[in-house]
Each structure stands twice: as structure tokens, then as C-alpha cells.
Amino acid sequence: MRALTWHGKHDVRMETVPDPEILNPRDAIIKITSTAICGSDLHLYDAYIPTLQKGDILGHEFMGEVVDVGPKSTLKKGQRVVVPFTISCGSCFHCSKQQFSACDNGNPADNQDLGQQLYGEPMSALFGYTHLTGGYPGGQAELVRVPFSDVGPIVIPDGMPDDDVLFLSDILPTGWMAAENAQIEHGDTVAVWGCGPVGLFAVQSAFKMGAHRVIAIDHFPHRLELAAKFGAETINFEETDTYHALMEMTGSIGPDAVIDSVGLEAHGLFGDNIVDQIKASTFLGTDRPHALRQAILACRKGGRVSVPGVYGGFLDKFPFGAFMEKGLTMKTGQTHVQKYLPKLLEMIGNKELDTTFLISHRLPLEQAPEGYKMFKSEQNTCTKVVLKPGMEA
């Protein structure tokens, strides 16, 4: 089969690799019909996340048709399914609490030691990411093996196009969980840093959960325009001092809740961010958490901090004094995708959530390397790239 493989920083290639096979009774093989490039794929593209190996197949946002199943799979050949990016067993302690992204059994034992050293516990398993998360081949390919197929994939009803439901695999439930973690109350003002795919879905979700005002912060005009279409007020951080703008907009109190959808590669010519960039480039640091620092400083006293943005290492100059003195609460983590799928699928079917607005480019899978370059370098206009195996150029 054809698949997109990683070979180093800014080096991804389409290659012919062996077809996946059923390895365990609960496995299924999916023929990919749609797959997408995610913002967190760019962290791999930029070589920020360790333990990727040359030849690893990327991609964790995908859906397709079931073409083979193990004897204990509950799927049937011919069904259309969306597959969560998290690989979860469904029966461990964490899965029993619907904390699917904390599953103890998805990540093979021989991949758990480094994660335990870095984070205190092994990381959960994800498709198409690093060997810290299991080293599972991803879905930017023609076929993919899905472990625990009786737990993860959700069957899509006939008549629902791929474009409507593809983002159930990751970014829609991630944006929804980000808003849920912000513990939004009716009448709240919520500020969202980053208007990429997750941030835009967090904006939409915050309004659905009762926010009175949502303030979206970014520097790409088109992305701010998309946020405004959902009713958000906007701040362009290249034109306005974000902290002072938020204070002015909230009567000097600050937002009730803040959402950091940016993560470890914050942008902007800010003093702390420039220092972070120098440290990262000289191997004296890892993450660039400017957005998170700013969110904590701007949040009102007693407010809530939600962090769906990906972080991978140690954060320098983290304002924990402000976090403690202001009495803030933080919730974060990889998304418990399976928990949210039935509700979000129903909302899409009822036209309560719009997902297709995000897609700016559709490309054949064979053009995936060009898609990565575009998504990296043209972030104002390239909001989401969907790849289609077999699509004509």
C-alpha cells in the first residue's frame, strides 16, 4: 500500500509499504477514505516530539471502510467508521472511568519505560505519533490496522458525507473537551488562544455550553474571521496588546475561563518567546509556552484554565506564583474521544455543529508531502488539509 512516512525534520515521503494484517482478535483493517493533517502532526514535522523513527507512518485523523476483522471485533465488513486517535482497551481502570486517553493497555510494554521516566506514568497509545505513544502506524495511508476495534471506532450512518464526520477522530471532540474542561457557566466570558482547528472548535463549543462572550486570539486574519463568524470577538496579537485588551474588554476583571489551544510552538515576537526559541534551538529547552503564560496572567482570580494545546517537555518561566495566588484551576490532557462520539455525531446529524467550514484544501493522498508544506507555511489561508486516497490530482 501507499503511505506517508517520516524521515526527519521537514522530510515526509510517500512510499510503498507492506499492507497491515490482523494481529489480534479484536483488530480490524480499515480502507481509508479520508484522512487529515493535524496541527499536532506539525510538531512531528518540526521534530519537536522525540522517539519518531525513520519510516514511521503518520496520521491520526482518519476514517474509512471496514475491509477485514478479527474474530472478537464488533465491526462488520463494509461499515463506514470514524476512528478515534486514542487507542483504548475499554476495560482498564481508566477506561472504566471514561478516561480513554489514559488507557493502561494500549501502549505496548516495551514502549512504556521512557514515558514513565519523562512523565511519571507511561503515555497512552495514539495512532501515527511517536514510539512514546506505542509506535502504531497511522492513517495517512491507504490501509490501517485498528486495535481494540470493538471499543474505538464509531459506525457512521448512510448518507453522512466523510467531510461532515471526519473530525470526530480528534479535533472536534478535542475542542469540545477543551470547553468542557473550562467548566463554562452561563454568562461566562471565555478567551481562546489560537484559532487553528482545535481553537475554532473550542470557540463553537464554548457558545454551545453557555458562554455569553468568547474572545478569540490569533494573528492570522482569516482564522480570526472564521472565529468571528461564530460570534466571537477577536484580538490580533500582532496589532494589540492582548493582556491590556482583555482587561479593557472585561472591566479589568479578566476572562472567567481561558483556553490554550496553541501548545508548545507559540508564535510572536515577544521577549519570553524569543528566549524560548533560542533555548529550543540550542537544546537548552523544549517547549515555547508563551500563550499559556499569557492565559494564566489574564485569567480572572478564581478562574479556570483549560489546555488542549500539546506540550511535550519542561516549561521554563512558568508563572506558578500567579497561578497559585489567583486561585486558578487547570484541566488538560489528551482527549477522551470515545466518551464524546455519540453526542457529537448526533449534534452533527441535527445540524447543531458545523464541521465542514474548516476544510480549505482537499488533496490526493499522494500529495501529502505538499500538504504538509502548505499547512506549515500558509497558516492564514490553509486551515485544514483533507487527504483522499485515490483522488485524482
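Residues numbered from 1 in each chain as written. Predicted model: local features only at pLDDT ≥ 70, side-chain atom pairs only at ≥ 80, totals over all residues. Heavy atoms only, no water.

In the annotation of an unreviewed UniProt entry, the protein chain is listed under the name Threonine dehydrogenase-like Zn-dependent dehydrogenase and assigned to Sphingomonas xinjiangensis. In UniProt, the protein chain has this text filed under Cofactor (unreviewed entry): "Zn(2+)". What UniProt records for the protein chain under Sequence similarities (unreviewed entry) is the sentence "Belongs to the zinc-containing alcohol dehydrogenase family." (UniProt positions renumbered as here; feature names shortened; annotations may be inferred.)

Let us look at the sheet that holds strand β1 (residues 2–8). Whenever strands of a sheet pair, they do so through backbone hydrogen bonds, lying parallel or antiparallel. Taking strand neighbours across the sheet as the criterion, the three strands line up as β2-β1-β4 in an open arrangement whose pairing is antiparallel. Looking at the sheet topology across the chains shown, the edges are occupied by β2 (11–16) and β4 (56–57). Both β1 and β4 contribute to a ladder of two bridges, which runs antiparallel. Across the sheet, Thr5 pairs through a bridge with Ile57, a residue of β4. Running over the sheet, helix α13 (residues 368–377) touches β1 and β2 and is turned about 160° from β2. (Pairing = 2+ DSSP bridges. Helix = DSSP H or I, 4+ residues; strand = E, 2+ residues; numbered from the N terminus. Contact = heavy atoms within 4.5 Å. Axes fitted to C-alpha atoms, helices over the stretch in contact; angles between N-to-C directions.)

This paragraph deals with the domain arrangement of the protein chain. Here the protein chain is described as being made up of domain 1 (2–169 + 335–388) and domain 2 (172–332). Tallying the contact residues gives 33 residues for domain 1 and 25 residues for domain 2. Taking both sides of the interface into account, the surface hidden between domain 1 and domain 2 amounts to around 2,600 Å²; carbon and sulfur atoms contribute 67%. Of all residues in domain 1, Tyr48, Phe357 and Asn380 give up the largest surface area on contact with domain 2, accounting jointly for 23% of the area buried on that side. (Domains from an automatic or database assignment. Buried area = accessible area lost by both parts, 1.4 Å probe.)

Time to look at the nonpolar core. With 73 residues, the main nonpolar core has Val165, Phe167 and Leu168 as its most contacted residues. Top contributing element to this core by residue count: helix α12 (residues 337–349), with seven residues. Residues lining this core come from more than one domain, with at least three contributed by each of domain 1 (2–169 + 335–388) and domain 2 (172–332). In this structure Leu168 touches Val82, Pro173, Val337, Leu341, Leu344, Leu345 and Ile348, once residues within four positions along its chain are discounted. (Core = buried A, V, L, I, M, F, W, Y, C linked by side-chain atoms within 4.5 Å. Buried < 20%, exposed > 50% of the residue type's maximum accessible area, 1.4 Å probe, protein only.)

Attention now moves to the UniProt feature "domain: Alcohol dehydrogenase-like N-terminal" (unreviewed entry) in the protein chain. Feature annotation in UniProt assigns "domain: Alcohol dehydrogenase-like N-terminal" (unreviewed entry) to the following positions: residues 25–153. Along residues 25–153 the backbone is 15% helical and 26% strand, and the end-to-end C-alpha distance reaches 15 Å.

One pass over the structure, following the stated rule, counts seven aromatic pairs. Judged by centre distance (5.8 Å) and plane angle (80°), the ring pair of Phe201 and Phe357 falls under edge-to-face. Taken together, the residues Phe201 in helix α6 (residues 197–208) and Phe357 in the loop between α12 and β17 (361–364) connect sequence positions 156 residues apart. The class of Phe201 is buried, set by a relative accessible area of 1%. (Phe/Tyr/Trp six-rings, centres within 6.5 Å; stacked < 30°, edge-to-face > 60°.)

Next up on the list: the pattern of salt bridges. Evaluation of the coordinates by the stated rule reveals 14 salt bridges. The closest approach of N and O atoms between Arg2 and Glu366, which form a salt bridge, is 2.8 Å. Of the two residues, Arg2 sits in strand β1 while Glu366 sits in the loop between β17 and α13, which places them 364 residues apart along the sequence. Arg2 sits in the partly exposed class, given a relative accessible area of 25%. Glu61 is paired through a salt bridge with Lys384; the nearest N and O atoms lie 2.7 Å apart. (Salt bridge = Lys/Arg side-chain N within 4 Å of Asp/Glu carboxyl O.)

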